[in-house]
Amino acid sequence: MTPSAAAETAKPAWTFLTNHGHVLVCIAQDPGIRARDIADRVGITERATQSIIADLIGAGYITRARVGRRNHYTINPHLPVRHPVEQPHSIGDLLAAVAGYTGRESSDRQAG
């Protein structure tokens, strides 16, 4: 493996977002994503992913609806970011900055 390939595959020692933030970004990018695929992208177990999704649902940040055999998630972009330092900003602001979220993704995918 070349040094540049090793650097690309190495997991960073720390990141700017928590796993909850990573899961939310995955859902913003694909509201119909499976927990297994979120787990793979974030680098956590499927069980941890399910726990995080339950946290996000419990706090009102996302809702889950069954569509056929899959879940479809809708984000509530108006809720504030949870840490007091970021309180003036909403989840929608955060997702717009890190995931290109516009709030139209879920309605566009439902219509299509």
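Residues numbered from 1 in each chain as written. Predicted model: local features only at pLDDT ≥ 70, side-chain atom pairs only at ≥ 80, totals over all residues. Heavy atoms only, no water.

Describing the overall build of the chain
Then, number 1: When helices and strands are counted, the chain shows six helices and two strands.
Then, number 2: Each helix (α) and strand (β) of the chain, taken in turn from the N terminus, gives the series α-α-α-α-β-β-α-α.
Then, number 3: Here the chain holds 112 residues, and the buried ones make up 30% of them.
Then, number 4: Within the chain, contacts between residues at least 6 apart in sequence are counted, and of these 40% link residues at least 24 apart.
Then, number 5: Surface accessibility of the chain: about 7400 Å² in total, with carbon and sulfur atoms responsible for 54%. (Helix = DSSP H or I, 4+ residues; strand = E, 2+ residues; numbered from the N terminus. Buried < 20%, exposed > 50% of the residue type's maximum accessible area, 1.4 Å probe, protein only. Contact = heavy atoms within 4.5 Å. Areas by Shrake-Rupley, 256 points an atom, 1.4 Å probe, with all protein chains shown as cover.)

As for the pairing of strand S1 (residues 62–67)
Then, number 1: Where S1 lies against strand S2 (residues 70–75), six bridges are found, and the strand directions are antiparallel. Bridging across to S2, alanine 65 finds its partner in histidine 72.
Then, number 2: Between S1 and S2, which follow one another and run antiparallel, lie two residues, and glycine 68 among them has a positive phi close to 65°. (Pairing = 2+ DSSP bridges.)

Focus: the packing of helix H3 (residues 35–42) against helix H4 (residues 46–58)
Then, number 1: For the pair H3 and H4, interaxial distance at closest approach is 8 Å and the crossing angle is 105°. Taken as axis vectors, H3 and H4 run roughly perpendicular relative to one another. Contact residues: Ala35, Arg36, Ile38 and Ala39 in H3; Glu46, Thr49, Gln50 and Ile53 in H4.
Then, number 2: Its residues placed into classes, the contact of H3 with H4 shows four nonpolar, two polar and two charged. (Axes fitted to C-alpha atoms, helices over the stretch in contact; angles between N-to-C directions. Parallel < 35°, antiparallel > 145°, perpendicular 65-115°, else oblique. Nonpolar A, V, L, I, M, F, W, Y, C, P; charged D, E, K, R; others polar.)

Structural notes on the confidence of the model for the chain
Atomic detail in the predicted coordinates should be set aside for any region of low pLDDT.
Then, number 1: Mean pLDDT for the chain: 87, with 84% of residues reaching 70 or above.
Then, number 2: Counted against residues more than four places away or in other chains, residues 106–112, with its pLDDT under 50, gives eight contacts. (pLDDT = per-residue confidence, 0-100.)

Structural notes on H3
Then, number 1: Taken together, the buried positions of H3 are Ala35, Ile38, Ala39 and Val42. Buried residues of H3, seen end-on, are gathered within an arc of 100° and therefore sit on one face of the element. Residues of H3 that are exposed and point over 90 degrees away from its buried face: Asp40 and Arg41.
Then, number 2: Each element contacted by the buried residues of H3 is listed here: helix H2 (19–29) and H4. (Arc of directions from axis to C-beta.)

A word on H4
Then, number 1: Here H4 spans 18 Å end to end across 13 residues, near enough to the 18 Å set by a 1.5 Å rise per residue.
Then, number 2: Of the residues making up H4, those classed as buried are Thr49, Ile52, Ile53 and Leu56. The buried residues of H4 occupy one face: seen down the axis, they fall within an arc of 100°. In H4, the exposed residues that point more than 90 degrees away from the buried face are Arg47 and Gly58.
Then, number 3: Looking at the buried residues of H4, the elements they touch are H2, H3, S1 and S2.
Then, number 4: In the stretch just after H4, glycine 60 is the one whose phi turns positive, near 85°. (Expected span 1.5 Å × (residues − 1).)

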